[in-house]
Amino acid sequence: MKKVLGVFLGLLIIGFCGLGVWAASMSVNLPSVTGLRESIGSDLTAQGVSYVPLEQVPPELLSDLVAIEDKRFYEHNGIDWLRVGGALWADAKARQVVQGGSTLTEQLVDNTLLRDEEKGLARKVRAMLLSQRVERAYSKDQILELYLNAVYYGPSSYGIDAASRNYFGEIPMGLDQEQQLFLAGVIRGPALYDPYWHCPTARRRMDEVIDARLDVGSLSGTDAEALRVAPLVHAHGVCQAQD
């Protein structure tokens, strides 16, 4: 019995060592995390839209975004291990991918530094390594600003400036609270939540953002109920709350 246990422990140690070597190999030739502001700004200029500084983004939109996408954003160093564990457990129970464990920082990396790399485990590991480097190189506010300008919100809508104009005909600071809720929620699935074609789905997603705000305590119950029934006015009409 002791011999079998010894063999098992030996194989386990070898496996962990091999995993460590493989993970270390992923850190070789990682792209530089410097110059993200300039790179993103150049891409947006080529598309005819503007890079938006954080002070020109409504604070409520930031609260919406953090609550729904990464509620421990201000606590982690690029990787939320609690969320990773929860996502793995949920996926295992469902026997399919039902939750993601990516932080806002990892999503930023995926949308910029690794956007041309093939998806898979190797890319995921590289994203985690790069996220920690990004967290060391930039402040949390800088990461939020970079994210808002780099993420995909829907057709012809890369960055918060294009998204605000295309969906609502407004600059970011001109968005009302319902529009801000929508933009925070649409990131997960732009094709699913277009308010013109999929109004009921868009409203349900907005409710999820409201619930996330309530969960983290950044929205009062009274304000939440008012937002649930307020219309979402977009560039092509009005998306009413569902009865």
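Keep in mind it's a predicted model, so treat the numbers as computed, not measured.

Observations concerning the overall build of the chain
Then, number 1: Along its length, the chain carries eleven helices and two strands.
Then, number 2: Seen in sequence order, the chain has helices and strands lined up from the N terminus as α-α-α-α-α-α-α-α-α-α-α-β-β.
Then, number 3: Out of the 243 residues belonging to the chain, those deemed buried represent 44%.
Then, number 4: When contacts within the chain are restricted to residue pairs at least 6 apart in sequence, those whose partners lie at least 24 apart make up 63%.
Then, number 5: Per element, the accessible surface of the chain, about 13,200 Å² overall, is 57% carbon and sulfur.

Remarks on unusual backbone geometry
Then, number 1: Its identity as a non-glycine residue notwithstanding, Ser 156 has a phi of 60 degrees, on the positive side.
Then, number 2: Among the secondary structure elements, Ser 156 is positioned in the loop between α7 (140-150) and α8 (160-168).

Observations concerning the nonpolar core
Then, number 1: With 57 residues, the main nonpolar core has Leu 65, Leu 108, Leu 148, Tyr 153, Tyr 167, Phe 182 and Leu 183 as its most contacted residues.
Then, number 2: If near-sequence neighbours (up to four positions away) are discounted, Phe 182 is found in contact with Tyr 167, Phe 168, Tyr 193, Pro 195, Ala 202, Met 206 and Leu 232.

Considering the state of the cysteines
Then, number 1: In this structure the tally under the stated criterion is one disulfide.
Then, number 2: Residue Cys 199 pairs covalently with Cys 239 via a disulfide, S to S 2.1 Å. Here the disulfide of Cys 199 and Cys 239 is right-handed, its torsion about the S-S bond being about 100 degrees. Here Cys 199 is found in helix α10 (residues 199-216), whereas its partner Cys 239 is found in strand β2 (residues 237-239), with 40 residues between them in sequence.

Focus: the pattern of salt bridges
Then, number 1: Applying the stated criterion across every chain yields a total of 15 salt bridges.
Then, number 2: In this structure, Glu 106 engages Lys 124 in a salt bridge whose closest nitrogen and oxygen atoms are separated by 3.3 Å. Pair noted here: Glu 106 is in helix α5 (residues 104-111) and Lys 124 is in helix α6 (residues 121-137), with a separation of 18 residues, a long-range link.
Then, number 3: The class of Glu 106 is buried, set by a relative accessible area of 1%.
Then, number 4: It is possible to trace a salt-bridge network through shared partners that takes in Asp 207, Asp 211, Glu 225 and Arg 228.

Quick look at α10
Then, number 1: If you check α10, its first and last C-alpha atoms are 26 Å apart, about what 18 residues at 1.5 Å a residue would give, namely 26 Å.
Then, number 2: All of the buried residues in α10 are Cys 199, Ala 202, Arg 203, Arg 205, Met 206, Val 209, Ile 210, Ala 212 and Arg 213.
Then, number 3: Close packing links the buried residues of α10 with α3 (59-69), α9 (177-186), α11 (221-229), β1 (232-234) and β2.

Points about the confidence of the model for the chain
Then, number 1: Averaged over every residue, the pLDDT of the chain is 87; the share at 70 or more is 81%.
Then, number 2: In the predicted structure, residues 4-25 sits below a pLDDT of 50 and forms four contacts with residues beyond four places in sequence or in another chain.

The rules behind the values
- Residues numbered from 1 in each chain as written.
- Predicted model: local features only at pLDDT ≥ 70, side-chain atom pairs only at ≥ 80, totals over all residues.
- Heavy atoms only, no water.
- Helix = DSSP H or I, 4+ residues; strand = E, 2+ residues; numbered from the N terminus.
- Buried < 20%, exposed > 50% of the residue type's maximum accessible area, 1.4 Å probe, protein only.
- Contact = heavy atoms within 4.5 Å.
- Areas by Shrake-Rupley, 256 points an atom, 1.4 Å probe, with all protein chains shown as cover.
- Core = buried A, V, L, I, M, F, W, Y, C linked by side-chain atoms within 4.5 Å.
- Disulfide = S-S within 2.5 Å.
- Salt bridge = Lys/Arg side-chain N within 4 Å of Asp/Glu carboxyl O.
- Expected span 1.5 Å × (residues − 1).
- pLDDT = per-residue confidence, 0-100.

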